[in-house]
Amino acid sequence: MTNSWCNESLILYKMNCLNKQISSKFESCTGISQSRHDILYQLYQVDEISQTALQKEVNIDSAAITRHLKQLEATGMILRRKDPEDNRFTLVCLSDHGRKQIILYQAEKARFVTLMLKDFKEEERQELTDMLTRIQKNISQV
């Protein structure tokens with residue numbers, strides 16, 4: 001086993017642990033999962049969108065988007081309706097309650113990110129962003 005292999009394995013291990021930790025802490029701090037936040041934020045950007053287009057924008061599978069939307073609808077955060085021009089499609093929008101909540105969630109997210117990166121200099125943040133972008137690109141080519 002080479003030292004390089006061990007270091008690369010350690011990087012993957014730490015990234016996986018970090019992902020789990022961020023997800024858990026994000027939900028604890030904001031009161032909502034990152035996936036639901038992404039859905040609500042995307043809906044905040046538009047007046048109304050088809051469920052299929054929303055699914056593509058937030059990059060989650062169709063079963064997950066349906067599950068999330070049903071739960072968000074049950075809590076009064078979103079509204080869904082059949083597209084009057086094509087009954088096969090479901091249109092989704094934020095409710096007034098959902099619009100108010102996403103603004104609060106955004107503030108909590110900003111606070112969370114500030115705490116997460118509190119000892120990083122701006123140049124380090126940019127370097128980290130660049131490295132993570134390169135990793136994403138490499139993974140997409142696997």
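Up top is the structure these notes are about.
What counts, and at which threshold
- Residues numbered from 1 in each chain as written.
- Predicted model: local features only at pLDDT ≥ 70, side-chain atom pairs only at ≥ 80, totals over all residues.
- Heavy atoms only, no water.
- Helix = DSSP H or I, 4+ residues; strand = E, 2+ residues; numbered from the N terminus.
- Contact = heavy atoms within 4.5 Å.
- Polar contact = N/O pair within 3.5 Å; in protein donor to acceptor, adjacent residues only side chain to side chain.
- Pairing = 2+ DSSP bridges.
- Axes fitted to C-alpha atoms, helices over the stretch in contact; angles between N-to-C directions.
- Phe/Tyr/Trp six-rings, centres within 6.5 Å; stacked < 30°, edge-to-face > 60°.

## Side note on the environment of Asp83
So, point 1. Tracing the backbone through its elements, the reader meets Asp83 in strand β2 (residues 78–83).
So, point 2. Taking the C-alpha atoms as reference, Asp83 lies 10.0 Å from Ile49; in sequence the two are 34 residues apart.
So, point 3. Beyond its immediate chain neighbours, meaning those up to four positions away, Asp83 contacts Phe89 and Leu91.
So, point 4. At a separation of 2.9 Å, a polar atom in the side chain of Asp83 contacts the main-chain amide nitrogen of Glu85.

## Thoughts on the sheet that holds strand β3 (residues 86–94)
So, point 1. The three strands are arranged β1-β3-β2 in an open sheet whose pairing can be described as antiparallel. Where the open sheet ends on each side, the last strands, each with one partner, are β1 (49–50) and β2.
So, point 2. As paired elements, β2 and β3 share six bridges and run antiparallel to each other. Bridged to Ile78 within β3 is Leu94.
So, point 3. In the packing of helix α2 (residues 34–45) onto the sheet, contacts are made with β1, β2 and β3, and the angle to β3 comes to roughly 95 degrees.

## Some remarks on the packing of aromatic side chains
The way to describe two aromatic rings as a pair is by their centre distance and the angle between their planes.
So, point 1. All chains considered together, the criterion is met by one aromatic pair.
So, point 2. Ring centres of Phe26 and Phe112 lie 5.6 Å apart, and the angle between their planes is 85 degrees; this geometry places the pair in the edge-to-face category. On the criterion of sequence distance, the pair formed by Phe26 in helix α1 (residues 3–30) and Phe112 in helix α5 (residues 96–116) is long-range, its members being 86 residues apart.

Any functional reading would require information beyond the geometric quantities listed.
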